[in-house]
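# Residue-level structure breakdown
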Amino acid sequence: MYNASDLRKGLRIKIDNEPYVVVEFNFVKPGKGQALYRSKLKNMITGAQFERTFRVADTFEPADLREKKMQYLYKEEGKYCFMDSESYDQLFLTEGQVGEAKRYLIDNLDVEILFFEDKPLGINLPNFVDLIVVKAEPWARGDSVSGKTKPVTLQTGYQIQVPPFIEEGEKIRVDTRSGEYLTRVKE
Amino acid sequence: MSQRWNATLSGKRDILAVRARMVQSIRNYFISRDYLEVETPNRIPALIPEPYIDAVASGEWFLHTSPEVCMKRLVAAGYRRIFQICKCYREGERGSRHLAEFTLLEWYCEGVDYYSLMDQCEEMIIAVARDLGYGDVVHYHGNTISLSGAWGRISVADVLARYARMSIEEAIHGDCFDEVMVCSVEPHLGIDRPTFVYDYPLSSGVLAKEKDMDPLTAERFELYMGGMEIANGFSELVDLEEHHRRFREVREYRRSTGKKVFPEPAHFLSDLVTMPDSAGVALGVDRLAMIFTDSPVIDDVVAFTPEMV
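Rules used in this analysis
The written sequence of each chain sets the order in which its residues are numbered from 1. Chains carry letters and ligands carry numbers; both start at the beginning, A for chains and 1 for ligands, and go up in the order they are written. The predicted nature of this model means local features are confined to residues of pLDDT at least 70 and side-chain atom pairs, given and counted, to a pLDDT of 80 or more, with totals for whole chains, interfaces and linings taken over all residues. The basis for every side-chain value is the complete set of non-hydrogen atoms in the structure, without hydrogens or water. Numbering of helices and strands runs from the N terminus, with a helix taken as a DSSP run of H or I at least four residues long and a strand as a DSSP run of E at least two residues long. Accessible area is worked out with a 1.4 Å probe on protein chains only. A residue is then buried under 20% of its type maximum, exposed over 50%, and partly exposed in between. Whether two residues are in contact is decided by their heavy atoms, any of which lying within 4.5 Å being enough. Every accessible area reported is derived by Shrake-Rupley at a probe size of 1.4 Å, with residue values counting cover from the shown protein chains alone. Charge convention: Lys and Arg are scored as positive, Asp and Glu as negative, and His as well as the terminal groups of each chain are ignored. In this description, the location of a charge corresponds to atom NZ of lysine, CZ of arginine, CG of aspartate or CD of glutamate. When DSSP finds at least two bridges between two strands, those strands are taken to pair. Per-residue confidence from the predictor is reported as pLDDT, a score between 0 and 100. Every axis corresponds to a line fitted to the C-alpha atoms, with the helix fit spanning only the stretch in contact, and the corresponding angles, defined between N-to-C directions, vary from 0 to 180 degrees. Angles are sorted into four bins: roughly parallel if under 35 degrees, roughly antiparallel if over 145, roughly perpendicular if 65 to 115, and oblique for all others. Each helix crossing is assigned a hand: it is left-handed if the near helix lies turned anticlockwise from the far helix by less than a right angle, otherwise right-handed if that turn is clockwise. Three residue categories are used. Nonpolar comprises Ala, Val, Leu, Ile, Met, Phe, Trp, Tyr, Cys and Pro, charged comprises Asp, Glu, Lys and Arg, and polar comprises the others, including Gly. Any pair of Phe, Tyr and Trp rings, taking the six-membered ring for Trp, is counted once the centres come within 6.5 Å. Such a pair is stacked with planes under 30 degrees apart, edge-to-face with planes over 60 apart, and tilted for the rest. Lysine and arginine charges are scored as sitting over a ring when NZ or CZ, respectively, is within 6 Å of the ring centre and within 35 degrees of the ring normal. Each nonpolar core is a collection of buried residues, namely Ala, Val, Leu, Ile, Met, Phe, Trp, Tyr and Cys, held together in the definition by side-chain atoms within 4.5 Å. Accessible area that two parts lose when put together, with a 1.4 Å probe and added across both, is what the buried area reports. Any carboxyl oxygen of Asp or Glu that lies within 4 Å of a side-chain nitrogen of Lys or Arg is treated as forming a salt bridge with it. In protein, a polar contact means a hydrogen-donor-capable atom and an acceptor-capable atom, both N or O and within 3.5 Å, with residues adjacent in sequence counting only if both atoms are side-chain atoms; elsewhere, any N or O pair within 3.5 Å suffices.

### What about the overall build of chain A?
- Secondary structure summary: chain A contains 1 helix and 16 strands in total.
- For the C-alpha atoms alone, the extent of chain A along its principal axes is close to 70 × 45 × 25 Å.
- Scored against the burial criterion, the 187 residues of chain A give a buried share of 40%.
- For chain A, the proportion of contacts with a sequence separation of at least 24, taken over those separated by at least 6, is 42%.
- Here chain A displays about 10600 Å² of accessible surface, and carbon together with sulfur accounts for 45% of that area.
- Seen as two clouds, the 28 positive and the 30 negative side-chain charges of chain A have centres 7 Å apart.

The following block contains the structure:
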């Protein structure tokens with residue numbers, strides 16, 4: 001059990017049976033008044049943020065959150081199959097649960113899946129993933145002006161802007177945090 | 001690790017220099033107006049009971065949470081004008097505007113009430129600003145606070161009505177007075193000019209005198225600059241019986257809410273018999289330094305925060 005004075009940025013707590021993470025936190029105290037704990041909380045399921053002010057006497061349960069190392073196996077009938085790297089248990093996530101991570105899910109990719117109690121909440125990807133370009137327009141030499149990019153399609157179906165010299169069949173490194181092209185990968 | 005703090009410390013030099021000049025200027029202001037600078041013990045055996053302020057223990061005694069106990073005894077002993085700049089300590093207070101060890105300027109003046117201390121507060125801060133070369137405006141958090149025009153003066157009742165559409169009674173009965181003041185009211189105060197908020201409910205001023213004809217209101221004010229409370233002052237309560245009653249009330253409140261009940265100052269109460277009509281102000285030196293140096297957090301205006309020592 002936490003007290004309001006235990007609140008810290010990044011602390012994960014349970015309110016009304018939902019997990020929240022403390023995004024911002026400040027101790028405030030009016031001149032002769034009582035200590036108040038102003039916080040901005042983010043619902044870890046919906047992503048909704050709101051401000052809430054607590055008093056010393058307010059208590060919270062910690063949110064039971066765990067990260068499991070899992071491996072992406074394959075996609076079947078619109079569902080994404082992952083395998084627990086320790087227990088080999090399999091888990092299916094819907095497209096909605098996978099979200100933007102689907103851009104980077106190549107077979108055997110190691111990821112971390114965050115669970116709240118027993119519900120999967122989200123996927124933590126490696127910061128960098130190497131993906132093959134499956135569709136690209138050929139490089140027109142006149143396009144070498146610096147800063148110019150062209151769209152290509154990657155093996156996962158993700159469309160991304162890359163420098164014009166990238167050709168079909170090449171492998172590129174993508175930063176999963178920004179979703180942007182980083183560099184060409186030479187095998 | 002040590003390298004990291006070295007850079008933090010050396011980066012604070014300019015701000016600490018302004019702070020040092022500010023403290024010197026405050027001193028000059030009071031000395032030139034015939035105030036005696038005093039020093040009172042930081043370590044004391046008993047405290048004036050406060051519902052929401054906790055002291056840090058020091059052996060069997062306590063570190064003072066403000067110098068008021070001893071300074072009021074000096075006033076009662078005939079010291080007509082005194083001031084002190086000292087460290088104060090409050091258990092568990094740490095935030096972007098709070099340090100558990102902070103610097104307070106406190107001054108007392110005999111024969112005046114809280115209205116004249118508001119005027120004096122204004123005069124002192126203007127004098128210090130000019131001394132520091134700021135002229136008539138200071139910039140804080142993207143706002144320009146004008147010091148030269150009339151400073152704002154607004155009652156608690158009016159400020160609640162204006163910013164929270166609520167009466168004092170509604171806020172107190174709804175048990176949300178502090179929350180409303182902090183979240184809805186304070187951010188608007190002192191943005192383009194310093195603003196005094198005055199006439200607080202009696203429940204928020206243990207040693208403040210009640211207003212004539214209005215026993216539920218205390219003759220107390222707070223000064224705001226840049227949405228931040230800078231000072232708190234009031235006309236001193238001199239009625240001994242009323243002191244006993246309020247001490248008892250706070251003691252019972254603390255006991256009923258499971259808070260530690262601190263020993264109470266017996267000498268203070270016996271000396272109080274000769275307390276003249278007077279008023280006093282406590283001003284947060286760190287926070288005033290934040291305003292003058294446009295610092296968003298209190299950490300910026302002290303060399304060391306508790307995390308660094």
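### So, the pairing of strand β5 (residues 81–89) of chain B
All names here are of chain B.
- Burial analysis of β5 places 7 of its 9 residues in the buried class, the great majority of the element.
- Across 2 bridges, the pairing between strand β1 (residues 36–37) and β5 is parallel. From the neighbouring strand, E37 faces β5, where its bridge partner is F83.
- In terms of strand pairing, β5 meets strand β6 (residues 101–110) through 9 bridges, oriented antiparallel. Across the sheet, C88 pairs through a bridge with F102, a residue of β6.

### Quick notes on the confidence of the model for chain A
- On average, residues of chain A score 91 in pLDDT, and 96% of them are at 70 or above.
- Considering each helix and strand of chain A separately, the mean pLDDT is smallest for helix α1 (residues 95–98) of chain A, with a value of 88, and largest for strand β15 (residues 171–175) of chain A, with 96.

### Describing the packing of helix α2 (residues 13–32) of chain B against helix α10 (residues 285–292) of chain B
Residues and elements named next belong to chain B.
- Two numbers describe how α2 lies on α10: the axes approach to 10 Å, and their chain directions differ by 120°. When the axes of α2 and α10 are compared, the pair comes out oblique. The two elements α2 and α10 meet at a crossing, and its hand is right-handed. Side by side, α2 and α10 meet where R19, M22, V23 and I26 of the first sit next to V285, D286, L288, A289 and F292 of the second.
- Residues of the contact of α2 with α10, tallied by class, amount to 7 nonpolar, no polar and 2 charged.

### Digging into the packing of aromatic side chains
- A complete count under the given rule lists 19 aromatic pairs over all chains for this structure.
- One aromatic cluster in this structure is built from Y29, F30, Y35, F83 and W107 of chain B.
- Seen from the ring of F115 of chain A, K68 of chain A lies directly overhead, with NZ or CZ sitting 4.6 Å from the centre.
- Over the ring of Y200 of chain B we find R220 of chain B; its NZ or CZ atom is 4.3 Å from the centre of that ring.

### Some words on the sheet that holds strand β7 (residues 65–76) of chain A
All names here are of chain A.
- The sheet built from 5 strands is open, its strands ordered β9-β8-β7-β10-β11 with antiparallel pairing. Looking along the sheet, the strands with just one partner apiece sit at the ends: β9 (90–93) and β11 (119–124). Taking the axes of each pair of neighbouring strands and ignoring which way they run, one obtains an average angle of 45° across the sheet.
- Two strands pair when backbone bridges link them, and β7 and strand β8 (residues 79–84) are joined in this way by 6 bridges, in the antiparallel orientation. Of the residues in β8, the one forming a bridge with M70 is D84.

### Quick word on the nonpolar core
- By size, the foremost hydrophobic cluster in this structure holds 53 residues, and its most contacted members are L105, W107 and M124 of chain B.
- The element contributing the most residues to this core is helix α4 (residues 114–131) of chain B, with 9 residues.
- When neighbours within four sequence positions are excluded, M124 of chain B is seen to be in contact with I26, Y29, F30, L105, W107 and L283 of chain B.
- Membership of the second largest hydrophobic core comes to 30 residues, among which are M70, Y80, L91 and V152 of chain A.

### Here we look at the interface of chain A and chain B
- Between chain A and chain B, the residue contacts involve 13 residues of the former and 21 residues of the latter.
- For the pairing of chain A and chain B, the buried interface totals around 1700 Å² over both sides, and the portion due to carbon and sulfur atoms is 49%.
- When the area that chain A buries against chain B is broken down by residue, the three leading residues are F27, K29 and K32 of chain A, summing to 43%.
- Here chain A is connected to chain B by 4 salt bridges.
- The shortest N-O distance in the salt bridge between D175 of chain B and R55 of chain A comes to 3.1 Å.
- At the boundary of chain A with chain B, the tally comes to 7 residue pairs in polar contact (both at pLDDT 80 or more).
- Among the elements of the structure, β3 (18–28), β4 (36–43) and β5 (49–55) of chain A are those that each provide at least two residues to the side of chain A that touches chain B.
- If one sorts the elements of the side of chain A that touches chain B by residue count, β3 of chain A sits on top with 3 residues.

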